[in-house]
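So the chains spell out like this:
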Amino acid sequence: MHLCLSSCAEALELLCASASSVPFVTLNLPFIGMLSLSSSICDAGIALLHSSHMYHEAKHSFPSHGVKFSSVEVDLPSMMSQKDKAVSNLTKGIEGLFKKNKVTYVKGYGKFVSPSEVSVDTLEGESTIVKGKNVIVATGSDVKLLPGIPFDEKRIVSSTGALSLSEIPQRLVVIGAGYIGLEMGSVWSRLGSAVTVVEFAPDIVPTMDAEVRKQFQRSLEKQGMKFKLKTKVVGVDTSGDVVKLTLEPSAGGERTILEADVVLVSAGRVPFTAGLGLEKLGVETDKAGRILVNERFATNVPGVYAIGDVIPGPMLAHKAEEDGVACVEFIAGKEGHVDYDMVPGVVYTHPEVAYVGKTEEQVKTLGVDYRVGKFPFLANSRAKAIDDAEGIVKILAEKETDKILGVHIMAPNAGELIHEAVLALQYGAASEDIARTCHAHPTMSEALKEAAMATYDKPIHI
C-alpha cells in the first residue's frame, strides 16, 4: 500500500489513474469540498471570471450586437451559488473517480509518525494511523502572509476570501500584481469595484515577456484598473469604517494614504508544509521551505516523495499534475519526466495571456541569435467578426535553425491557443513547421500560423 498526504486535486486525480499501485489517500484539509487551495482557486476563480465577464459583456457589448435589455444588474448571491455549485460538482467527480478506481481516502489532518506511517486526526474526531510503503507529500501551497497585514477574510482577504465576498466593494485594493491578484481584481472590476493594484516590483507579472506585459497592462487600465508600481505597503489601519493603507515608494520616500473597503493580499504563495512532521523525519528543505527532491521526486528520506507546490518549480496546478503522474510512474517501476520549461503559464483575465518557453529578455541573456515574428488579432478575421480583436501573438525562434524558443499570446482564448505552441516546443519544431500547417478558417488559431510565417518569412494578412 502507498500513501498520498495531499490537499492537491491533481495529485488525487493521478491516483485514480494509477490506483493499482497507489490505493490509499489521506487528505490534509478539513473537508473534501475544498480539495486544495490551488484547485478551489482555479475552479472557483474561473467560474467567477466567466460570470463577471458575461455581465460585463451584457452591459457593454451586447447592444452593439443588437441584443438590448431595459436593465442589467448583478445578483451576487446567485453568482456565488453558481460558483459553489461548479466546485461541488467537480469535487463529486473526484469522489466518483475514487470509488470507480477503488481508492480509499481519509478526510482529516495528517502528519508523519515515521517514513511509512501517517497519523490522521479525522473529521469525526478520531485519530488513526495509516501505513504505506511509500508516501507522497502533495499538500500544495498557502497564501503568503505580509507582516502587519492579518487576514480577517472580510475587509482584508486572501484569494480564498476574494472568492466569497458577500457584497461588491466600492473600492478594492489588490496587493500584488501576479496571476491571482490580476484575475481577482478583474472579477470585481467588471462587477463595479474601483480596483487599484499595488505592486512592489516595477512591473506586473514579472515572468511575462516585457512587450506583451506592457500591452496587457494597458488593456487592464482601459478596463478601469489602476496600478501603483514600485510601491510598498508599510502600514494598515482597520480601526475605522474604511481600511487605510500607508504606501511608500519601494526605494523609500514620501508616504501616502490609500483608502479601501476591501483589501486583497495576493503577494505570492508559500509551500504548505507546516505541521506535517517533516523535521522529525529529517526531510531536507530549501530556504523557501520547499521540499528538495531528485529527478524521481524522491526526498532524502527513503520512501518519502513530494510533488507540486511543495517542491521547486512553477506553482501551477497543471505542473503539479505532471509531477504526480511522473512520480507514480517512478514508484511503479516505470519512467517519468517533466520539463518545467514546457509548462505553459496562463492569466485568465480578458483578454487572457498565455506563454511557454523563453521570453525575449531571457533569449537576449542567453546570447542566442534569434528572430521575432508577431501578428495582431486586429488582422485576424475571426477576432474581427466577433468584435474581440485585442491582442497579439509573438514567436521567438533561433535564427540559424528556426527552432522555436518561446511563444507569447494575448487573446480572448489565449489559454486554449497556447497548447499548439507547447506541442511545437516539446517536439523541437521550427516556426516554419507551424506556418506550413493548415489552420481552419476563420479561427483565432490562424494568428499563431501568421506569427510563425512572420518569424521565418512574412505573414499574408498584414
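Residues numbered from 1 in each chain as written. Predicted model: local features only at pLDDT ≥ 70, side-chain atom pairs only at ≥ 80, totals over all residues. Heavy atoms only, no water.

## Describing the overall build of the protein
Reasoning step 1: Along the backbone of the protein there are 13 helices and 22 strands.
Reasoning step 2: In terms of overall size, the protein behaves like a compact globule, its C-alpha atoms giving a radius of gyration of 23 Å where 462 residues would be expected to give roughly 23 Å.
Reasoning step 3: Taking the principal axes of its C-alpha atoms as reference, the protein extends roughly 65 × 60 × 50 Å.
Reasoning step 4: Classification of the 462 residues of the protein by burial places 52% in the buried group.
Reasoning step 5: Total accessible area on the protein is roughly 21500 Å²; 52% of this is exposed by carbon and sulfur atoms.
Reasoning step 6: Positive and negative charge centroids in the protein, built from 46 and 57 side chains respectively, lie 1 Å apart. (Helix = DSSP H or I, 4+ residues; strand = E, 2+ residues; numbered from the N terminus. Rg over C-alpha atoms; globule rule 2.2 N^0.38 Å. Buried < 20%, exposed > 50% of the residue type's maximum accessible area, 1.4 Å probe, protein only. Areas by Shrake-Rupley, 256 points an atom, 1.4 Å probe, with all protein chains shown as cover. Lys, Arg positive; Asp, Glu negative; His and termini not counted. Charge placed at Lys NZ, Arg CZ, Asp CG, Glu CD.)

## Re the sheet that holds strand S20 (residues 370–376)
Reasoning step 1: What the five strands build is an open sheet, ordered S18-S19-S22-S21-S20; its pairing is antiparallel. The sheet is open, and its two borders are formed by strand S18 (345–347) and S20, each paired with just one other strand. The average angle at which neighbouring strand axes cross in this sheet is 10°, direction not considered.
Reasoning step 2: In the sheet, S18 pairs with strand S19 (residues 352–357) via three bridges, with the strands oriented antiparallel. Following the sheet pairing, glycine 345 is matched in S19 by tyrosine 355. (Pairing = 2+ DSSP bridges. Axes fitted to C-alpha atoms, helices over the stretch in contact; angles between N-to-C directions.)

## Concerning the pairing of strand S13 (residues 243–249)
Reasoning step 1: Burial analysis of S13 places five of its seven residues in the buried class, which makes it a mostly covered element.
Reasoning step 2: Bridge count for strand S12 (residues 231–237) against S13 is six bridges, and the pairing is antiparallel. Across the sheet, the residue bridging to lysine 232 is glutamate 248, located in S13.
Reasoning step 3: Bridge count between S13 and strand S14 (residues 256–260): five bridges; the pairing is antiparallel. Along S14, the bridge assignment pairs threonine 246 with isoleucine 257.
Reasoning step 4: Here S13 folds back onto S14, and the loop between the two strands holds six residues, one of which, glycine 252, carries a positive phi near 95°.

## Considerations on the pattern of salt bridges
Reasoning step 1: What the rule picks out here adds up to 17 salt bridges.
Reasoning step 2: Two residues, aspartate 261 and arginine 171, come together in a salt bridge whose shortest N-O distance is 3.3 Å. Residue aspartate 261 is located in the loop between S14 and strand S15 (262–265), and its partner arginine 171 is located in strand S9 (residues 171–175); the two are separated by 90 residues in the primary sequence.
Reasoning step 3: With a relative accessible area of 22%, aspartate 261 lands in the partly exposed category.
Reasoning step 4: Ionic pairing is found between arginine 255 and glutamate 248, a salt bridge with its closest N-O pair at 2.7 Å.
Reasoning step 5: By relative accessible area, arginine 255 is classed as exposed at 52%.
Reasoning step 6: Judged by its relative accessible area of 11%, glutamate 248 falls in the buried class.
Reasoning step 7: Sharing partners across several salt bridges, the network here consists of Asp209, Glu211, Glu360, Lys374 and Lys394. (Salt bridge = Lys/Arg side-chain N within 4 Å of Asp/Glu carboxyl O.)

## Topic: a nonpolar patch on the surface
Reasoning step 1: Where nonpolar side chains cluster on the molecular surface, the patch consists of Val67, Phe69 and Val72 and spans about 240 Å² of accessible area.
Reasoning step 2: Within the element layout of this structure, phenylalanine 69 appears in the loop between helix H2 (37–60) and helix H3 (76–100). (Patch = residues over 30% accessible without salt bridge, like charges linked within 9 Å, V, L, I, M, F, W, Y side chains within 5 Å.)

## Structural notes on H3
Reasoning step 1: With 25 residues, H3 ought to run about 36 Å at 1.5 Å a step, and its terminal C-alpha atoms sit 36 Å apart, in line with that.
Reasoning step 2: Of the residues making up H3, those classed as buried are Leu76, Met79, Met80, Lys83, Val87, Thr91, Ile94 and Phe98.
Reasoning step 3: Of the residues one or two after H3, lysine 102 is the one with positive phi, at around 60°. (Expected span 1.5 Å × (residues − 1).)

## Description of helix H13 (residues 446–456)
Reasoning step 1: Counting buried positions along H13 yields 10 of 11 residues, so the element is predominantly enclosed.
Reasoning step 2: What H13 keeps buried is the set Glu446, Ala447, Leu448, Lys449, Glu450, Ala451, Ala452, Met453, Ala454 and Thr455.
Reasoning step 3: Buried residues along H13 sit in contact with S20, helix H10 (381–385), strand S21 (392–398), strand S22 (404–411), helix H11 (414–426) and helix H12 (431–435). (Contact = heavy atoms within 4.5 Å.)

## Here we look at the sheet that holds S13
Reasoning step 1: Within the open sheet, the three strands sit side by side as S12-S13-S14. Their pairing is antiparallel. Pairing within the sheet leaves two strands with one partner each, and these edge strands are S12 and S14. Averaged over all neighbouring strand pairs, the angle between strand axes comes to 35°, with direction disregarded.

## Things to note about the environment of aspartate 237
Reasoning step 1: Looking at where aspartate 237 falls in the secondary structure, it is placed in strand S12.
Reasoning step 2: Residue aspartate 237 is classed as partly exposed on the basis of its relative accessible area, which comes to 34%.
Reasoning step 3: Along the primary structure aspartate 237 and isoleucine 149 are separated by 88 residues, whereas in three dimensions their C-alpha atoms are 9.3 Å apart.
Reasoning step 4: Aside from chain neighbours lying at most four places away, what touches aspartate 237 is Val242, Val243 and Lys244.
Reasoning step 5: Polar side-chain contacts of aspartate 237 include one of 2.6 Å to the side chain of serine 239. (Polar contact = N/O pair within 3.5 Å; in protein donor to acceptor, adjacent residues only side chain to side chain.)

## Examining the nonpolar core
Reasoning step 1: The biggest cluster of nonpolar side chains holds 37 residues, and the ones touching the most others in it are Leu182, Trp188, Val197, Met208 and Phe216.
Reasoning step 2: When contributions to this core are tallied by element, the ones reaching two or more residues are H2, H3, S9, helix H5 (179–190), strand S10 (194–198), helix H6 (210–222), S15 and S19.
Reasoning step 3: For this core, the element with the highest residue contribution is H5, accounting for five residues.
Reasoning step 4: Apart from the residues within four sequence positions on either side, phenylalanine 216 is in contact with Leu182, Ile204, Val205, Met208, Val347, Thr349, Pro351, Val353 and Met410.
Reasoning step 5: Ranked by size, the runner-up nonpolar core spans 30 residues in total, among them Phe377, Ala429, Leu448 and Met453. (Core = buried A, V, L, I, M, F, W, Y, C linked by side-chain atoms within 4.5 Å.)

## Observations concerning the confidence of the model for the protein
Reasoning step 1: Summarising the model, the protein shows a mean pLDDT of 90, and 91% of its residues fall at 70 or more.
Reasoning step 2: Contacts for the low-pLDDT stretch residues 28–39, under 50 throughout, to residues beyond four places or in other chains number 42 contacts. (pLDDT = per-residue confidence, 0-100.)

## Details of unusual backbone geometry
Reasoning step 1: The step from histidine 350 to proline 351 runs through a cis peptide bond, and the omega angle for that step is 0°.
Reasoning step 2: Along the chain, the position of proline 351 falls in the loop between S18 and S19.
Reasoning step 3: Omega for the peptide link from histidine 441 to proline 442 comes to -5°, which places this bond in the cis form.
Reasoning step 4: If you trace the backbone, proline 442 turns up in the loop between H12 and H13.
Reasoning step 5: A positive phi angle is found at lysine 230, which is not glycine, with a value near 50°.
Reasoning step 6: Here lysine 230 shows up in the loop between strand S11 (226–228) and S12.
Reasoning step 7: Take lysine 230: its relative accessible area is 54%, and that puts it in the exposed class.
Reasoning step 8: In the Ramachandran plot, aspartate 402 falls in the positive-phi region, its phi being about 70° despite a non-glycine side chain.

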